[in-house]
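# Architecture at a glance
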Amino acid sequence: VTITTRMLVSHLSGIRHYEKDITKVKEEKEKINRALKLTKSHQDKEQKEKEGKGIEKTDCVKQKKEHDSETKSRNSKPGRNDKEFEQEEYYLKEKFESVIDSLKIFKNDPLFFKPGDQFLYSTYGFTLLSAVVERASGQKFTDYMLKMFRDLDMLSTVLDDNEAMIYNRARCYIYNKKGRLVNAPYVDNSYKWAGGGFLSSVGDLLKFGNALLYSYQAGQFKNRNGKLLPGYLKPGTVAMMWTPVPKTEVSWDRDGKYAMAWAVVEKKQQYGCCRRQRHYASHTGGAVGASSVLLILPEELHPEAPGPWPVAPPRGVIVTIICNMQSVSLNSTALKIAREFDKEKQAQ
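Residues numbered from 1 in each chain as written. Predicted model: local features only at pLDDT ≥ 70, side-chain atom pairs only at ≥ 80, totals over all residues. Heavy atoms only, no water.

For the protein chain, the name recorded in an unreviewed UniProt entry is LACTB protein, with Cettia cetti as its organism.

Rendered as structure tokens:
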């Protein structure tokens with residue numbers, strides 16, 4: 001078979017994730033699909049109730065459900081039912097000198113499917129991708145990335161190396177089997193630098209988001225202002241990275257598809273004065289004792305619209321959250337925050 005870098009970056013390679021048993025992976029996928037079907041069926045039922053019995057009653061039902069959901073969320077303990085973190089390979093303590101060396105963990109394991117046929121989120125797919133970078137660049141992947149972070153002015157973004165003295169490094173926490181908050185166990189992330197081995201700050205992630213958003217929008221301003229500096233990436237490159245790829249899916253937003261290392265929701269509105277889907281790109285992060293999200297909601301620019309041209313890019317809302325606790329779902333929170341700021345900007 002042939003595995004391309006595009007397949008790796010969109011999780012279509014067939015390389016396994018932490019679970020080695022393909023039967024368990026299929027069972028989990030079927031369970032998720034059944035849950036999505038039930039959710040859709042419930043939404044269709046609510047819509048019929050709304051049409052047949054009036055908005056007032058539906059609103060009351062909605063408020064009650066929101067209250068019940070909030071109560072359930074408040075009383076539940078994060079991470080208690082997250083089976084992914086039961087996988088042993090999350091807690092590896094072996095130190096690898098290079099990402100090419102770390103390929104031995106999975107290089108002899110069978111592919112779960114023919115590359116390009118199905119979507120399966122795989123941290124090891126990104127480990128292989130980092131090995132490609134290492135071989136193509138002729139330097140260690142970590143050195144390559146740290147230089148890039150310096151170019152982006154992300155000076156607080158470093159390797160999550162246990163031995164290094166890192167200023168303001170946060171302590172990480174998990175819930176144990178009894179539901180008590182405890183310190184997260186020690187792990188060595190040298191086997192997955194690309195898939196979850198860096199420490200950062202909200203300030204640095206905002207810089208990263210702004211650099212991407214600037215690159216994405218810079219092309220729309222080039223005819224208006226010849227003095228505008230180029231983006232770190234070409235506008236077409238970011239647009240390609242944020243274009244949904246067929247056969248992919250996203251666990252944290254069922255309206256989205258996976259693109260190139262980003263989850264993307266496309267702009268969509270089927271009916272007037274009804275549900276409107278805004279275009280945004282995001283990615284969540286989950287590690288032993290930590291959770292994060294970076295969400296970019298670009299402003300909808302209209303170059304042909306009359307009136308004064310808006311100020312230079314980046315134009316939009318960027319939200320990032322870093323939490324030093326395991327298995328905290330953050331994408332929906334980030335999206336709500338982004339929408340509130342976006343509404344405020346439109347109202348001005």
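Structure's up, so let's keep going.
## Comments concerning the sheet that holds strand S9 (residues 316-323)
Hydrogen bonds between backbone atoms are what pair the strands of a sheet, whose relative direction is either parallel or antiparallel. A sheet is described by the order of its strands in space; here five strands give the open sequence S5-S6-S7-S8-S9, paired in antiparallel fashion. Unpaired on one side and paired on the other, strand S5 (257-258) and S9 mark the two borders of the sheet. By the bridge criterion, three bridges tie strand S6 (residues 263-265) to strand S7 (residues 280-287) in an arrangement that is antiparallel. Residue pairing for S7: Ala 263 is matched across the bridge by Ser 282. The sheet contacts of helix H8 (residues 202-218) involve strand S8 (290-298) and S9, and relative to S9 the element is tilted by about 150 degrees. Of the strands in this sheet, S7, S8 and S9 touch helix H10 (residues 331-347), which is tilted by about 150 degrees from S9. (Pairing = 2+ DSSP bridges. Helix = DSSP H or I, 4+ residues; strand = E, 2+ residues; numbered from the N terminus. Contact = heavy atoms within 4.5 Å. Axes fitted to C-alpha atoms, helices over the stretch in contact; angles between N-to-C directions.)

## Here we look at the pattern of salt bridges
Scanning all chains against the criterion turns up 16 salt bridges. Glu 94 serves as the salt-bridge partner of Lys 104, at 3.4 Å between the closest nitrogen and oxygen. Of this pair, Lys 104 sits in the loop between helix H4 (99-102) and helix H5 (123-137) while Glu 94 sits in the loop between helix H3 (55-75) and H4, placing them ten residues apart in sequence. Residue class for Lys 104 comes out partly exposed when judged on its relative accessible area of 44%. Judged by its relative accessible area of 41%, Glu 94 falls in the partly exposed class. Among the salt bridges present, the one from Arg 169 reaches Asp 160, with a minimum N-O distance of 3.3 Å. A network of salt bridges, in which partner residues are shared, links Lys 267, Arg 276, Arg 278, Glu 300 and Asp 342. (Salt bridge = Lys/Arg side-chain N within 4 Å of Asp/Glu carboxyl O. Buried < 20%, exposed > 50% of the residue type's maximum accessible area, 1.4 Å probe, protein only.)

## Observations concerning the pairing of S9
The buried fraction of S9 amounts to six of the eight residues, a majority that puts the element mostly inside the structure. Sheet analysis places S8 next to S9, joined by eight bridges and oriented antiparallel. Within S9, the position partnered with Ser 291 by the bridge is Cys 323.

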